[in-house]
2 protein chains.
Amino acid sequence: MKAEIITIGDEILIGQIIDSNSAWIAQQLKELGIKIYQITSISDSPEHITKAISDAETHADIIIITGGLGPTKDDLTKETLAKYFNTKLVFNKTVFEKNKELLGKRKIKMNELNTKQAELPENCIILNNTNGTAQGMLFEKNKKTIVSLPGVPFEMKKIITEEFIPFIQKKYKTTSLYHKTVMTQGVPESELSLKIEDWENNLPKDIKLAYLPKPGIVRLRLTGTAEKKKNIAKKIDEEIKKLQKIIPDNIFGYNDISLEEVIKNIFTEKNKTLATAESCTGGNVAKLLTSISGSSKYFKGSVVAYSNEIKSKILDVNKNTLNKYGAVSKQVVTEMAENIIKKFNTDYSIAISGIAGPTGGTTEKPVGTTWIAIADKISVDTYKFSFGEHRGRNITRATLTSLNLLRLKIIKN
Amino acid sequence: MKAEIITIGDEILIGQIIDSNSAWIAQQLKELGIKIYQITSISDSPEHITKAISDAETHADIIIITGGLGPTKDDLTKETLAKYFNTKLVFNKTVFEKNKELLGKRKIKMNELNTKQAELPENCIILNNTNGTAQGMLFEKNKKTIVSLPGVPFEMKKIITEEFIPFIQKKYKTTSLYHKTVMTQGVPESELSLKIEDWENNLPKDIKLAYLPKPGIVRLRLTGTAEKKKNIAKKIDEEIKKLQKIIPDNIFGYNDISLEEVIKNIFTEKNKTLATAESCTGGNVAKLLTSISGSSKYFKGSVVAYSNEIKSKILDVNKNTLNKYGAVSKQVVTEMAENIIKKFNTDYSIAISGIAGPTGGTTEKPVGTTWIAIADKISVDTYKFSFGEHRGRNITRATLTSLNLLRLKIIKN
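So, how was this worked out
Residues numbered from 1 in each chain as written. Chains lettered and ligands numbered in written order. Predicted model: local features only at pLDDT ≥ 70, side-chain atom pairs only at ≥ 80, totals over all residues. Heavy atoms only, no water. Helix = DSSP H or I, 4+ residues; strand = E, 2+ residues; numbered from the N terminus. Buried < 20%, exposed > 50% of the residue type's maximum accessible area, 1.4 Å probe, protein only. Contact = heavy atoms within 4.5 Å. Areas by Shrake-Rupley, 256 points an atom, 1.4 Å probe, with all protein chains shown as cover. Lys, Arg positive; Asp, Glu negative; His and termini not counted. Charge placed at Lys NZ, Arg CZ, Asp CG, Glu CD. Pairing = 2+ DSSP bridges. Axes fitted to C-alpha atoms, helices over the stretch in contact; angles between N-to-C directions. Phe/Tyr/Trp six-rings, centres within 6.5 Å; stacked < 30°, edge-to-face > 60°. Lys NZ or Arg CZ within 6 Å of the ring centre and 35° of its normal. Parallel < 35°, antiparallel > 145°, perpendicular 65-115°, else oblique. Left-handed = near helix turned anticlockwise from the far one by under 90°.

Caption draft 1: Fine view of the overall build of chain A. Looking only at helices and strands, chain A features 16 helices and 17 strands. Scored against the burial criterion, the 413 residues of chain A give a buried share of 58%. Contacts in chain A between residues at least 24 apart in sequence constitute 68% of all its contacts with a sequence separation of at least 6. For chain A, the exposed area adds up to about 18200 Å²; of that, 49% sits on carbon and sulfur atoms. The average position of the 61 basic charges and that of the 47 acidic charges among the side chains of chain A differ by 4 Å.

Caption draft 2: Looking closely at the sheet that holds strand β2 (residues 35-42) of chain B. An order of β6(A)-β7(A)-β8(A)-β3(A)-β1(A)-β2(A)-β2(B)-β1(B)-β3(B)-β8(B)-β7(B)-β6(B) is seen for the 12 strands of this open sheet, with the pairing classed as mixed. In the strand order of this sheet, the two ends are held by β6 (125-127) of chain A together with β6 (125-127) of chain B, each with one partner. Taken pair by pair, the neighbouring strands of this sheet meet at an average axis angle of 15 degrees, ignoring direction. As judged from the three bridges shared by strand β2 (residues 35-42) of chain A and β2(B), these two strands associate in the antiparallel manner. Looking at the pairing, Thr40(A) lines up with Thr40(B) of β2(B). Together, β1 (2-8), β2 and β3 (62-66) of chain A form the strand contacts of helix α2 (residues 21-31) of chain A, whose direction differs from that of β1(A) by roughly 160 degrees.

Caption draft 3: Seen up close, the packing of aromatic side chains. Scanning the entire structure with this criterion turns up 18 aromatic pairs over all chains. Residues Phe85(A) and Phe139(A) carry aromatic rings whose centres are separated by 4.2 Å and whose planes lie at 10 degrees to one another, so their mutual orientation is stacked. Of this pair, Phe85(A) sits in the loop between α4 (77-84) and β4 (89-91) while Phe139(A) sits in strand β7 (residues 136-141), and the two are 54 residues apart along the sequence. One exposure class covers both Phe85(A) and Phe139(A), and it is buried. Where Phe385(B) meets Phe387(B), the ring centres are 5.2 Å apart and the plane angle is 10 degrees; that geometry is what we call stacked. By relative accessible area, Phe385(B) is classed as partly exposed at 21%. It is Lys180(A) that lies over the ring of Tyr254(A); its NZ or CZ is 4.9 Å from the centre.

Caption draft 4: Looking closely at the packing of helix α2 (residues 21-31) of chain B against helix α7 (residues 153-171) of chain B. Residues and elements named next belong to chain B. Relative to each other, α2 and α7 sit at 15 degrees, their axes nearing to 11 Å. Accordingly, the angle class assigned to the pair α2 and α7 is roughly parallel. In this structure, α2 crosses over α7, and the sense of that crossing is right-handed. Seen from α2, the contacting residues are Asn21, Trp24, Ile25, Gln28 and Leu29; seen from α7, they are Pro153, Met156, Lys157, Ile160, Thr161, Phe164 and Ile165.

Caption draft 5: Here's a closer look at unusual backbone geometry. At the junction of Gly357(A) and Pro358(A), the peptide bond is cis and its omega measures out at 0 degrees in the coordinates. With respect to the helices, strands and loops of the structure, Pro358(A) is situated in the loop between β15 (348-354) and β16 (369-375). Positive phi values are uncommon outside glycine, yet Lys107(A) reaches one of about 60 degrees. Positionally, Lys107(A) belongs in the loop between α5 (93-105) and α6 (112-116). Judged by relative accessible area, which is 58%, Lys107(A) ranks as exposed. The phi torsion at Asn86(B) lies on the positive side, around 50 degrees, for a residue other than glycine. By secondary structure assignment, the location of Asn86(B) is in the loop between α4 (77-84) and β4 (89-91).

So, in structure tokens, the structure goes:
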């Protein structure tokens, strides 16, 4: 089974945006055992769209088209598809009402352009877009499946997951591929690969390992193929048990769960509360924690103290401590962690102070130097890290490291 | 002048890596006035490589191929190209010595595989790779230019910049393509396109408009072609002046500048300070502001008050106000904005309280309802918004909206 992805949009061809949709789609199809033959990025022109689909039909069974479905005049995909499949656009009342309701919730009135989005090719299967006004359209032709989706990632992903994959699973039959991803924090990829070398070399032949690193986190994806999913799942779980013994503090979850979700689950279950006092992370810890729905059950808030004045005035850090040791010090993060617990009356706290860069580093404390404190009502644990040179990565690493340290403290309590 | 980019590599087709090379190459070619006709990602197979080049020759003058030049057996691009261009591989002593020296510096000895990298097609122009062992290869055929480059970004970029661009500039003479992107906040795409419809319809024929929306922001890209860059730049600026009169409050900058960067520039220039009091955005405003290096010059910090208790205890919001009007109200954000200015002793403040969702909505205050207050030492302006249903998007929209409102207040002062 082969597929081709066609992405439509001049913004890709002039390099204004990087096409990340295709990689995501390719991953989803791989799960179904479908191989991508080619990914083609083309312009918003009817001739080019027609040519690309027609080319793709010669070598792919499934063609996934993204982009060019917006309400404005430069989006021509829908009209082109209707022509290509010898059909006409018809007004769909259900889609119109769905879009009206969706826009209504955002206090946007239906206008001529939005109304037109409810006009869809007569012979297509409509894939419902609950995240936006451009519906997905699925065409079947000579046993081939051609689908057109909006290019906005969160709309496209929703339609692929909820509408397209179930359709494909029903229509085609594929062998079972089983994945489990181990989420790790705190060991960089190169170090991790040495730590787990023996384990990796002794993996059964039908289990494959892939390293999927991103800043602060390394995902280890184990993949097995089998007739029966249950057997391979069990086999993979046994290998993970061995891995847990090698890196007990670093595995925080499975299958792309985030650290912020893990923290929410533990705090909610244990009925404990949390506050953060952040300097160099600038609110990123709070932001990440509150990105999860339900975080208000345990997270009371944060003080972002981006100047020494605020550290002493709002977080009551002793001015002598600040002067003697500097803001990036064990002593200051300790006071920050202790004081935020008292002020916010929580069970736990995180405090972070570091030099995110690119400026502000010294020989003694170079860019990347970061102190993290994790406190409960009884004790404060402090840690010093040297993250690196890159501002954004330092903030991400400090944030994720603090969450993993917090996780370890609360589960050990 | 048209170009096509062909990227070779199974890792792209299985979604393991995102192709960011193409966007970078496209940007470089855009500067030269060369339009990308298509970007095609294909597998490491000789048949596929041959087919892709042959297809590209039918519509592109310049073909840039990346990837598949590594020393290992699965990299077949070089052999395939030699066959395609009816030539043979010959050993190049200069390249061999350069590679030997390069690997020597990394304490790597030349082996059979590395030695083979010095074998290059007899009829190609060699583009020197000072960052790696895979040379670039340039072929000329029927007035067309076909170039093959390694896929490693830092090697590819070096060869493009130092070898390929000078070659192209010498060989072809091109007309100038000029882009300017107008950054807007506060008007959704469909509404914006109606607002500026007349202006859009009256654009000169040699200026094209594209809408590039992302959550909370719509970028308007104006593209013009001309013999002289200066002329078209002037013409586009004149159109932008007209646009400014239609949406004066929504244009915050040009050419992909971020709102947080604009805010930093204004505050630094005016020598003013800022603090934020955040509820539903959970620290996202502070996080965004502090993502910019140098933000500590004006940003003092934030209180993330994620519970009513913290709103009253830390931000001194009157308990009666909270009880009477609820946390998501004009009255509460007003107090939050006023009090944070006093507590943090700043010139300006932002306060945000809303229902991010997906839970917590009521009939009176559905999910997405958000109050924003912008204060200076004299006055507080408050605004009510109905953003939508999606938690992440609500947070992003509230954040960006507050930054644009802050921008308007400070520039009007």
